Amino acid sequence: MPAPTPSVSLPRVRFAPSPTGFLHVGSARTFIFNWLYARHHHGTMVLRLDDTDVERNTDASVQSIFEGLRWLGLDWDEEYKQSERLALHRQQAEAIFAKGLAYRDFTPAHVGDDNQTGAQGAASREGAWLFNPGMRDLSRDESDRRAGAGEPFALRYRVPRGQGRTLQFDDAVYGLQTKAADEVEDFALLRSDGLPTYHLASCVDDADLRISRIIRGQDHLTNTFKHLLIFEGLGVRPPEFAHLPLLVAPDGAKLSKRKHGPVVSVTTYRDAGFLPRAFINFLCLLGWSPKNDREFMALDELIELFSLEGVNRANAVVNFSPDDPFDAKAVWLNAEHIRALPVDELARQLEPVFERAGFSATPEKVAAVTPLIRERIKLLREAVSAADFFFVAELAPYDAAELIPQKGDAVLAARVLEKTEQMLASTSFDHDSLDHALRAAASELGLKTGQAFQPIRVAVCGRKNAPPLFATMAVLGRAVCLERIRQAEAKVQSLASAKPSA
Ligand code: GLU
């Protein structure tokens with residue numbers, strides 16, 4: 001096994017998901033922090049699928065992890081699957097055994113177990129399972145004889161006992177961590193089916209892949225003491241460690257799919273219309289802040305500013321509620337990133353959103369509509385309701401009363417619409433000509449533009465709150481505008497005849 005990379009060389013980090021579910025937002029953050037660290041230091045980003053747990057892994061999960069990562073749009077430099085490296089794991093377990101640093105445990109209740117915690121008739125200290133002296137002290141001859149006879153066993157690490165040893169590492173986030181070796185149980189390296197445990201496979205691969213820095217969730221902090229022992233058993237220097245604070249719900253509970261539902265899955269953010277860059281920006285602020293306390297950051301700024309010193313120890317709260325599934329900061333950042341995106345790029349992102357809504361949205365039409373709505377949406381999916389009137393053949397029914405201008409009545413609305421119809425028949429349909437023609441119409445009617453434009457806006461868009469009028473009409477085109485204005489005229493006429501104005 002090669003020696004680990006000396007600290008002067010460029011760092012190698014890894015993201016090591018277990019494919020037992022969808023891509024969790026916490027895992028995405030772990031990926032991103034590793035990635036930023038690698039890119040900041042010009043190091044190497046490794047993706048390693050921790051897929052040795054055959055009972056819990058699923059192909060669907062592997063797909064979902066890749067789908068989530070592809071959406072984030074961040075790359076990696078090397079890719080491995082632990083299930084293709086089992087021979088190495090076993091070989092290294094045997095090497096540790098050969099050094100006398102591991103022993104076979106034939107206790108039926110222990111065989112196949114990964115993490116032993118409960119007291120199961122073995123030696124215990126204050127109830128915690130530490131080791132089984134009967135197995136730990138079995139002679140090598142006896143152990144070989146029972147193994148030779150085909151008796152199943154788990155292979156356990158022989159944790160140093162009674163020597164007063166302290167295990168310690170300096171975590172880049174949580175500082176110096178220490179634990180007495182006497183308090184660490186004799187954890188399993190191999191299960192009775194010959195498969196490696198997470199601890200063994202992870203350390204063997206971290207050493208073999210020359211991972212120089214492990215950046216992972218704080219829930220692995222205590223595992224690290226076991227890992228120090230495995231690295232020692234492998235005869236390599238352990239990597240550096242940085243553990244990340246947990247992501248928690250507003251009530252402080254660890255984010256979990258079972259408890260919190262879809263807000264925990266990366267694809268929920270994708271489907272709601274977050275831009276990957278905005279989502280990355282949001283995740284970075286969960287447990288990290290740059291020295292200058294900036295919040296809105298483009299990807300290159302994140303790479304430049306990222307450092308482990310800026311990672312906090314306190315758990316990071318993701319705010320959501322049943323009515324409001326997304327953290328307000330995430331939504332705000334998304335709106336900022338939408339505005340920062342070049343308009344043609346935003347248009348490309350909106351095309352599939354409109355397609356999914358069933359609009360016949362040609363790239364040209366989307367390109368024309370995008371600048372008109374980009375200030376009006378916070379999530380991409382909001383573009384559907386902000387721009388539907390550009391795409392539908394028939395406006396959704398609206399209340400005719402909306403057509404009536406302030407301080408006016410149905411008769412006035414009808415006059416405005418009639419006049420507009422006449423003007424539009426001969427006007428060129430570009431922004432400036434429309435601007436000129438409609439202002440002239442307002443002044444001929446002796447109205448302020450605000451008053452005159454309301455019926456027109458409602459007639460062509462079906463609502464008062466809509467993008468700038470002339471540009472909107474230019475995109476809609478003459479035929480559509482005239483048709484909608486005629487329909488609006490019919491509506492106000494029926495209103496006027498139902499309620500004659502005094
Ligand atoms: N497969 C482990 C997990 O998903 C990796 C932990 C680690 O980074 O060592 O939690």
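**Here we look at the site of the ligand**
All residues adjacent to the ligand are Arg14, Ala16, Ser18, Asp50, Tyr198, Ser202, Arg216 and His220. In this structure, a nitrogen atom belonging to the ligand sits 2.8 Å away from a side-chain N or O atom of aspartate 50. At 2.8 Å, a side-chain N or O of histidine 220 approaches an oxygen atom of the ligand. Here the ligand has 300 Å² of accessible area as a free molecule, and 80% of this is covered by the chains. Of the residues that constitute the shell around the ligand, the class distribution is two nonpolar, three polar and three charged.

**A closer look at the side chain of histidine 24**
Mapped onto the fold, histidine 24 is located in the loop between strand 1 (12-15) and helix 1 (25-40). Side-chain polar atoms of histidine 24 contact the backbone nitrogen of glycine 26, separated by 2.7 Å. Setting aside chain neighbours within four positions, we find histidine 24 in contact with Leu255, Val264 and Val266.

**Comments concerning the pattern of salt bridges**
This structure, assessed with the given rule, holds 33 salt bridges. Its salt-bridge partner being glutamate 345, residue arginine 348 comes within 2.8 Å of it at the nearest N-O pair. One end of the pair, arginine 348, and the other, glutamate 345, are both in helix 13 (residues 343-356), three residues apart, so they sit about a helical turn from each other. Exposure remark for glutamate 345: the relative accessible area of 25% places this residue in the partly exposed category. Its salt-bridge partner being arginine 463, residue aspartate 388 comes within 2.5 Å of it at the nearest N-O pair.

**Some thoughts on the sheet that holds strand 2 (residues 44-49)**
Read from one edge to the other, the open sheet built from three strands follows the order 1-2-3, with strand pairing classed as parallel. Because the sheet does not close on itself, it has two edges, and the strands there are strand 1 and strand 3 (78-81). When strand polarity is set aside, the average angle formed by the axes of neighbouring strands in this sheet is 25°. Relative to strand 2, strand 1 runs parallel, the two sharing four bridges. Counterpart to arginine 14 in the pairing with strand 2 is valine 46.

**Here's the deal with the nonpolar core**
Of all hydrophobic cores here, the largest spans 89 residues; its most connected members are Ile32, Phe33, Leu72, Leu189 and Phe274. It is helix 1 that contributes the most residues to this core, nine residues altogether. The contact partners of phenylalanine 33, leaving out residues within four places of it in the chain, are Ile215, Leu244, Leu283, Cys284, Leu286, Trp288, Phe306 and Val311. Formed by 56 residues, the second largest nonpolar core is a distinct cluster that contains Ala383, Ala387, Ala459 and Cys461.

**Examining the pairing of strand 7 (residues 154-157)**
Residues Ala154 and Arg156 line one face of strand 7 and the alternating positions Leu155 and Tyr157 line the opposite face, and both faces are buried. In the sheet, strand 4 (residues 102-105) pairs with strand 7 via four bridges, with the strands oriented antiparallel. The residue bridging alanine 102 from the neighbouring strand is tyrosine 157, located in strand 7. As paired strands, strand 7 and strand 10 (residues 188-190) are joined by two bridges and run antiparallel to one another. Across the sheet, residue arginine 156 finds its bridge partner in strand 10, namely alanine 188.

So, how was this worked out
- Residues numbered from 1 in each chain as written.
- Predicted model: local features only at pLDDT ≥ 70, side-chain atom pairs only at ≥ 80, totals over all residues.
- Heavy atoms only, no water.
- Near = heavy atom within 4 Å.
- Polar contact = N/O pair within 3.5 Å; in protein donor to acceptor, adjacent residues only side chain to side chain.
- Areas by Shrake-Rupley, 256 points an atom, 1.4 Å probe, with all protein chains shown as cover.
- Nonpolar A, V, L, I, M, F, W, Y, C, P; charged D, E, K, R; others polar.
- Helix = DSSP H or I, 4+ residues; strand = E, 2+ residues; numbered from the N terminus.
- Contact = heavy atoms within 4.5 Å.
- Salt bridge = Lys/Arg side-chain N within 4 Å of Asp/Glu carboxyl O.
- Buried < 20%, exposed > 50% of the residue type's maximum accessible area, 1.4 Å probe, protein only.
- Pairing = 2+ DSSP bridges.
- Axes fitted to C-alpha atoms, helices over the stretch in contact; angles between N-to-C directions.
- Core = buried A, V, L, I, M, F, W, Y, C linked by side-chain atoms within 4.5 Å.

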